[in-house]
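Summary of structural features
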Amino acid sequence: METVRVDTQDRSYDVVVGPGALQRLHSHLSGADRVAVIADEKVAALHGDRLREALGENGRGAAWLDVPAGESCKTLDWFGRTQQFLLEEGCTRQSVLIAFGGGACGDLAGYAAASYMRGIRFIQCPTTILAHDSSVGGKTAINLPGGKNMTGAFHQPVAVLYDTDLLRTLPQGEVRSGMAEAVKHVLISSKDDAPEMLHTLELAGLSEEELIRLIVRGIRVKADIVSRDEREGSVRKYLNFGHTYGHAVEAASGYGGITHGEAVMIGMIYALILSEQKAGAGRELTDALQTFAARNGYPLRQIADYRFEELLGYMKKDKKASFGDLHFVLLPEAGAPEVWRVTEEDCKAADREFRIRAGVKAE
Ligand SMILES: NC(=O)c1ccc[n+]([C@@H]2O[C@H](COP(=O)([O-])OP(=O)(O)OC[C@H]3O[C@@H](n4cnc5c(N)ncnc54)[C@H](O)[C@@H]3O)[C@@H](O)[C@H]2O)c1
Ligand SMILES: [Zn+2]
């Protein structure tokens, strides 16, 4: 079992990663007058018994709310239901809420915990690879009809228990999605390791040891950045590498046409092309990432379905845009991210080049 410590101003907590990590749960429940679970319904069906067992004595009789699988739980409606649920189940400020699912369920449950009685304790029990990213760092949010993650709060969990046994039931598309963020964590933090990783990593035949190694590495990178900048005033912005264009692609696909990580992979290649054009980066890293992505089934050619003007519209609405300026995290070289202001013309030139390299007709 590996443990990564996250230190923030609000709170310090451990992220415990490995097979059977869920068994640590009961030790975090002493002192809670009530335990409540918010679970992704699909995960509850697959692994709910394990969670029930792990709750032990303290969690016997825990209140339990299943929410729709994946992104469809991140609505105002479901947020309202979580609040009503906690109230009806008699939860107080001394209660503990457990999030059991991927990033979507974790985001909803985290926001529910941040809001109920102005904030109660919560524990993240992530069940996807992507959630190595989303469960650490305290960002919680739901979607508004007009935009993703548009209402939310910073609220750190008291613990993250990452049981890697639960990842065995993940569909391959979700493996691909989560591994994009793991790759991102290596790209933004290490000068030397990216080329070899991109050359050798095969998602289809990934061993459990290798998976855990990459997850722990990603968590260490995220924990380090969040410890230095909890509220995204400075270095936390680097975690948005690949996300400006990626979020636009995700929005254009109608959230669901393409997974978050697949969109981020597209966004990272795009950001590397921008880095070549604006920040003097060489082409080798871009080519290595593109080859890795194509070899592992990331749907790069899907970009043909979206017009640049549409993507630009979404990028301008991104909440990281300020005063109408577009900001991108660029990588002049691996491991050395920088935030750059970029014009619409720059964006268009990089978009055109991306389409050419992906083998689809540029507009
Ligand atoms: N808060 C943050 O810092 C942060 C960071 C990154 C992403 N996010 C959010 O995370 C969400 C994406 O999370 P995700 O990629 O984990 O997807 P998800 O939570 O939407 O889950 C994807 C699918 O996998 C299923 N699933 C989950 N665990 C499973 C398992 N063990 N076995 C089989 N199926 C399983 C779910 O039911 C769902 O159908 C997005 O809403 C994104 O905005 C948040
Ligand atoms: Zn992401």
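These lines cover the structure that appears in this document, whether it is placed above or below. (Residues numbered from 1 in each chain as written. Chains lettered and ligands numbered in written order. Predicted model: local features only at pLDDT ≥ 70, side-chain atom pairs only at ≥ 80, totals over all residues. Heavy atoms only, no water.)

**Thoughts on the site of ligand 1**
By nearness alone, 26 residues border ligand 1, and Glu71, Lys74, Gly103, Thr128 and Thr169 come closest of all. Residue Thr127 places a side-chain N or O atom 2.8 Å away from a nitrogen atom belonging to ligand 1. At 3.4 Å from an oxygen atom of ligand 1 is found a side-chain nitrogen or oxygen belonging to Asn149. Those elements giving two or more residues to the shell around ligand 1 turn out to be α1 (41–59), α3 (103–115) and β8 (147–154). Here the element with the most residues in the shell around ligand 1 is α1; it accounts for four residues. Here the residues of the shell around ligand 1 sort into eight nonpolar, nine polar and nine charged. (Near = heavy atom within 4 Å. Polar contact = N/O pair within 3.5 Å; in protein donor to acceptor, adjacent residues only side chain to side chain. Helix = DSSP H or I, 4+ residues; strand = E, 2+ residues; numbered from the N terminus. Nonpolar A, V, L, I, M, F, W, Y, C, P; charged D, E, K, R; others polar.)

**Re the coordination of the zinc ion (ligand 2)**
Taken together, the protein ligands of the zinc ion (ligand 2) are Glu181 (OE), His243 (NE2) and His260 (NE2), with distances of 1.9 to 2.1 Å. One chain supplies every donor for the zinc ion (ligand 2), spaced along it as E-x61-H-x16-H. Separated by 62 residues along the polypeptide, Glu181 in helix α5 (residues 172–189) and His243 in helix α8 (residues 243–252) bring together distant segments of the chain. By relative accessible area, which is 1% here, Glu181 ends up buried. The buried category is assigned to His243, whose relative accessible area is 8%. (Donors = N, O, S within 2.8 Å, 3.2 Å for Na, K, Ca; no water. Buried < 20%, exposed > 50% of the residue type's maximum accessible area, 1.4 Å probe, protein only.)

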